[in-house]
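Tertiary structure, described
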Amino acid sequence: MRRVRVLYPLAEETNDAELARPGMAAVVCWAKLLGFTGTPVLAHAEIATFRNLVLHVAARITRGARQVRVRIDESRRHAKAIAAGWLMIRAAFT
């Protein structure tokens, strides 16, 4: 049995990050629409800025008394708006 090597042209090569990028942009846009419309700085931010301001926040997930809590670092600039936004997103799906 002979092995056949298939060579793809460079134009057709893609990696997983290129395939996931449009999906992540849609998720970020939905998060902005559902939870962060009350804060104009976060609602009108570009995707990269939103990612740096909201998604890269230091937080701790704690569980206790049948509850799950997300504790967001209070020293961040928009900590209260981020906490309120995540509560609104969670409320939209429950």
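Details of the structure are given in the entry above.
So, a few notes on the structure that sits alongside this text. (Residues numbered from 1 in each chain as written. Predicted model: local features only at pLDDT ≥ 70, side-chain atom pairs only at ≥ 80, totals over all residues. Heavy atoms only, no water.)

1. Considering the overall build of the chain
Looking only at helices and strands, the chain has four helices and two strands in total. Ordered by position from the N terminus, the helices and strands of the chain form the series α-α-α-β-β-α. For the chain, the residues scored as buried account for 22% of the 94 residues in total. Long-range pairs, those at least 24 residues apart, make up 40% of the contacts in the chain with a sequence separation of at least 6. Summing over all exposed atoms, the chain offers an accessible surface of approximately 8,100 Å²; the carbon and sulfur share of this is 58%. (Helix = DSSP H or I, 4+ residues; strand = E, 2+ residues; numbered from the N terminus. Buried < 20%, exposed > 50% of the residue type's maximum accessible area, 1.4 Å probe, protein only. Contact = heavy atoms within 4.5 Å. Areas by Shrake-Rupley, 256 points an atom, 1.4 Å probe, with all protein chains shown as cover.)

2. Re the packing of aromatic side chains
As enumerated under the stated definition, the model contains two aromatic pairs in all. Relative to phenylalanine 50, the ring of phenylalanine 36 has its centre 5.3 Å away and its plane inclined at 75°; by these criteria the two rings are edge-to-face. Here phenylalanine 36, found in the loop between helix H1 (16–35) and helix H2 (40–43), pairs with phenylalanine 50, found in helix H3 (residues 47–55); they are 14 residues apart in sequence, far enough to count as distant. Classification of phenylalanine 50 by relative accessible area gives buried; the value is 0%. Note on phenylalanine 36 and tryptophan 86: the rings are 5.9 Å apart at their centroids and 90° apart in plane angle, and the pair reads as edge-to-face. In this pair, phenylalanine 36 sits in the loop between H1 and H2 while tryptophan 86 sits in helix H4 (residues 79–92), placing the two residues 50 residues apart along the sequence. Taken together through their ring pairs, the aromatic side chains of Phe36, Phe50 and Trp86 make up a single cluster. (Phe/Tyr/Trp six-rings, centres within 6.5 Å; stacked < 30°, edge-to-face > 60°.)

3. So, the nonpolar core
Of all hydrophobic cores here, the largest spans 14 residues; its most connected members are Phe36, Leu42, Phe50, Val54, Ile72 and Ile82. With four residues, H4 is the single largest residue contributor to this core. When near neighbours in sequence (up to four residues on either side) are disregarded, isoleucine 82 contacts Phe36, Leu42, Leu53, Val54, Val57 and Ile72. (Core = buried A, V, L, I, M, F, W, Y, C linked by side-chain atoms within 4.5 Å.)

4. So, H3
Along H3, the residues that are buried comprise Phe50, Leu53 and Val54. An end-on view of H3 places all buried positions within 80° of arc, on one side of the element. (Arc of directions from axis to C-beta.)

5. Focus: the pairing of strand S1 (residues 59–64)
Examined bridge by bridge, S1 and strand S2 (residues 67–72) share six bridges and lie antiparallel to one another. What sits directly across from arginine 60, in S2, is arginine 71. A loop of two residues connects S1 with S2, the two strands running antiparallel in sequence, and alanine 65 in this loop sits at a positive phi of about 55°. (Pairing = 2+ DSSP bridges.)

Geometric descriptors of this kind do not, in isolation, establish any biological role.
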